[in-house]
Amino acid sequence: MPQLQQLREQLKKAQAAEDKPAIIELSRRIVSIAPNDSKTWNTLAQTQFETEEFDGLDRTLDAWQKAFKRAPAAIEDFRAELCFKRKDYQCAEQHWLAFIATKPPRADVATDYDNVAELCAAQARWADLAAYRTKAIAAQDTATRRVLRALAFLRLHNWDAAYADMAKANKMDATDPQVKEWLPQFEQLQKFLPQIKSLDAQIAKSPHDLALLLERARVFIVAGRPLLAIDDAERAFKLQPASMRARIELAEALLDAGQPEDAAKLQVDKYLRRGEDKLATASPSGGVHVSDEALRDLGTLDARLSADPKDADALIERAKILRDLRQFTLALADANAALAINNNSAAAHFEASRDLDGLDRQKDALSHARIATESDPQNPEMWFFRGVLERQRADFAGAVTSQTRSIEIDESLVGLNEREQCERRIGKTAEADADLRRMQELK
């Protein structure tokens, strides 16, 4: 038909120009005249998928299927892709397996088994993931697919199979991008395998042992395998939601895995302190992590609070560690819990003051600092911090008074320096000069 021929010529030009709206419109016109033209149906469906016209694609697939007594296999493939985009994984798996059942070329079979494996990964179905990777390899063996199955075996802690696949992939094609990316990481993890396998055996005997799960999670974090660490830390956190060590380890693994939004759900922000002071430790993998000492102390305090939830001192000590890790929200929650137990605790008010200051709530922080100094008037650190807060709120006279109290109890360079600055702000030059001379003497 001259009209149909003209439309086909226009479609070729639209394709050459990559004019996708025109491709969709012209394809629709062609299949309305020639409904048995599978090639154009395919072009229409593919273009709608690429432009994310998913509702239109749904209608196209229905019309395409009605146009044939025996529906083309490609329709199953498109339906699977559409379901996957909509995160309807059960639907996607059903259609991909239906497409594979039509016995397409082996390359297509391998690709769709890859696709089914990806949806298993999205659902954390690790055993199914490994099984589908195996089927993809059976259809078409490549170095990339070997690496992908090796990663699936890692999630199953099937270490020997994982390393066998990686060795095979490297032998098949050492230049493969996946091999070049993952081989060094496998070599790094191998250094930790004796320790990991020992923990595997212990956990197999005691699968609900919180300490063992957290110890293995820690090894995975230090080894640079945050996804494996997440598996263990999540199990530990579900077993004991009150465990601050489990919370921090899980959050650190999430941050290492590039999931700060999930760490935030645990009230742990991306400023978790690592690599800046004694509370951090460098790992052989090159990363820097929260120190073993901090995690160990958190675990000890968790145990104390599990035995006695009213242990205010344990809450205050745990809050201090959390503050040192720059997790002020969690620290404040512990300080407030300690105050709920003993509202007269100077240490709890002081800790709340420090935490509120970390959250930039200086007015509330000063209120707690005043209560702390009134409850424990012989504590120089509390007076010093109260003076700092008063200076920040431009109460320089009050700051001088607070720093004087701190210095009288225990003279320090930082206290003298703070007082000297505030004295100059209110015109007490002689006193400031005297403090300066005293600092020089102490130095």
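Everything below is about the structure shown above.
The following refers to the structure shown. Not measured: the values here are computed from a predicted model.

Side note on the overall build of the protein chain
Right, on to step 1. When helices and strands are counted, the protein chain shows 25 helices and two strands.
Right, on to step 2. Expected size for 443 residues packed as a compact globule is a radius of gyration near 22 Å; at 32 Å, the protein chain overshoots this value by more than 25%.
Right, on to step 3. By its C-alpha atoms, the protein chain is 105 × 55 × 40 Å across when sized along the principal axes.
Right, on to step 4. Relative to its 443 residues, the protein chain shows a buried fraction of 46%.
Right, on to step 5. By sequence separation, contacts in the protein chain at least 24 residues apart represent 48% of the contacts at least 6 residues apart.
Right, on to step 6. A total of about 22300 Å² of accessible surface is found on the protein chain, and carbon and sulfur atoms cover 49% of it.

What about the state of the cysteines?
Right, on to step 1. Enumeration according to the criterion identifies one disulfide in this entry.
Right, on to step 2. Residue Cys83 pairs covalently with Cys91 via a disulfide, S to S 2.0 Å.

Points about the nonpolar core
Right, on to step 1. Trp159, Phe186, Ile196 and Ile248 are the most contacted members of the largest nonpolar core, which totals 101 residues.
Right, on to step 2. Aside from chain neighbours lying at most four places away, what touches Ile248 is Val268, Leu272, Leu295, Leu298, Leu322, Gln327 and Leu330.
Right, on to step 3. Core analysis: the second largest hydrophobic core is formed by 13 residues, Val31, Ala45, Phe49 and Ile75 among them.

Focus on unusual backbone geometry
Right, on to step 1. Positive phi, normally seen in glycine, also occurs at Glu52, with a value near 60°.
Right, on to step 2. A positive phi angle, near 65°, is found at Arg326, a position not held by glycine.
Right, on to step 3. When you line up the elements, Arg326 lands in the loop between helix H18 (312-324) and helix H19 (328-341).

A look at the side chain of Arg216
Right, on to step 1. Relative to the elements of secondary structure, Arg216 occurs in helix H13 (residues 210-222).
Right, on to step 2. Ignoring anything within four residues of it in the chain, the contact list for Arg216 reads His157, Leu199, Asp200, Ile203, Asp232 and Arg235.

Concerning the side chain of Asp37
Right, on to step 1. Relative to the elements of secondary structure, Asp37 occurs in the loop between helix H2 (20-33) and helix H3 (38-50).
Right, on to step 2. Looking at Asp37, its side chain comes within polar contact range of the side chain of Arg8, at 2.6 Å.
Right, on to step 3. When near neighbours in sequence (up to four residues on either side) are disregarded, Asp37 contacts Arg8, Ile30, Val31 and Phe68.

Considering the pattern of salt bridges
Right, on to step 1. Under the defined criterion, the tally for this structure stands at 40 salt bridges.
Right, on to step 2. With a shortest N-O distance of 3.4 Å, Glu317 and Lys320 are connected by a salt bridge. On the criterion of helical spacing, the pair formed by Glu317 and Lys320 is a turn pair, its members being three residues apart in helix H18.
Right, on to step 3. Here Lys320 falls in the partly exposed class, since its relative accessible area comes to 33%.
Right, on to step 4. As a salt-bridge pair, Arg438 and Glu411 come within 2.8 Å of each other at their nearest N and O atoms. Taken as a pair, Arg438 in helix H25 (residues 429-442) and Glu411 in the loop between helix H23 (396-409) and helix H24 (413-425) lie far apart in primary sequence, 27 residues in all.
Right, on to step 5. On the basis of relative accessibility, which here comes to 31%, the residue Arg438 falls in the partly exposed class.
Right, on to step 6. For Glu411, a relative accessible area of 33% corresponds to the partly exposed category.
Right, on to step 7. Each of the salt bridges in this network shares a partner with another, and the network as a whole consists of Arg218, Glu252, Asp256, Arg274 and Asp292.

A look at helix H22 (residues 380-392)
An α-helical turn contains 3.6 residues, so any two residues separated by three or four positions project in the same direction.
Right, on to step 1. Taking 1.5 Å per residue as the helical rise, H22 with its 13 residues ought to reach 18 Å, and the 19 Å between its terminal C-alpha atoms agrees with that figure.
Right, on to step 2. Three or more residues of H22 are buried, namely Met382, Trp383, Phe385, Arg386, Gly387, Val388, Leu389 and Glu390.
Right, on to step 3. In this fold, the buried residues of H22 make contact with helix H20 (346-358), helix H21 (362-375), H23 and H24.
Right, on to step 4. Two or three places before Glu381, at the opening of H22, Asn379 has a side-chain oxygen 3.0 Å from that residue's backbone nitrogen.
Right, on to step 5. At the C-terminal side of H22, Ala394 shows a positive phi close to 65°.

Let's talk about the packing of aromatic side chains
Right, on to step 1. One pass over the structure, following the stated rule, counts nine aromatic pairs.
Right, on to step 2. Ring geometry for Trp41 against Trp64: centres 6.2 Å apart, planes inclined by 5°, an arrangement best described as stacked. In this pair, Trp41 is assigned in helix H3 and Trp64 in helix H4 (residues 54-66), connecting sequence segments 23 residues apart.
Right, on to step 3. Here Phe350 and Phe385 contribute two aromatic rings whose centre-to-centre distance is 5.9 Å and whose plane-to-plane angle is 85°, an arrangement assigned as edge-to-face. One end of the pair, Phe350, is in helix H20; the other, Phe385, is in helix H22, with 35 residues separating them in the sequence.
Right, on to step 4. A relative accessible area of 10% places Phe385 in the buried class.
Right, on to step 5. It is Arg155 that lies over the ring of Trp126; its NZ or CZ is 3.9 Å from the centre.
Right, on to step 6. The residue whose ring lies beneath Arg354 is Phe385, and the NZ or CZ to ring-centre distance is 5.0 Å.

The rules we used
Residues numbered from 1 in each chain as written. Predicted model: local features only at pLDDT ≥ 70, side-chain atom pairs only at ≥ 80, totals over all residues. Heavy atoms only, no water. Helix = DSSP H or I, 4+ residues; strand = E, 2+ residues; numbered from the N terminus. Rg over C-alpha atoms; globule rule 2.2 N^0.38 Å. Buried < 20%, exposed > 50% of the residue type's maximum accessible area, 1.4 Å probe, protein only. Contact = heavy atoms within 4.5 Å. Areas by Shrake-Rupley, 256 points an atom, 1.4 Å probe, with all protein chains shown as cover. Disulfide = S-S within 2.5 Å. Core = buried A, V, L, I, M, F, W, Y, C linked by side-chain atoms within 4.5 Å. Polar contact = N/O pair within 3.5 Å; in protein donor to acceptor, adjacent residues only side chain to side chain. Salt bridge = Lys/Arg side-chain N within 4 Å of Asp/Glu carboxyl O. Expected span 1.5 Å × (residues − 1). Phe/Tyr/Trp six-rings, centres within 6.5 Å; stacked < 30°, edge-to-face > 60°. Lys NZ or Arg CZ within 6 Å of the ring centre and 35° of its normal.

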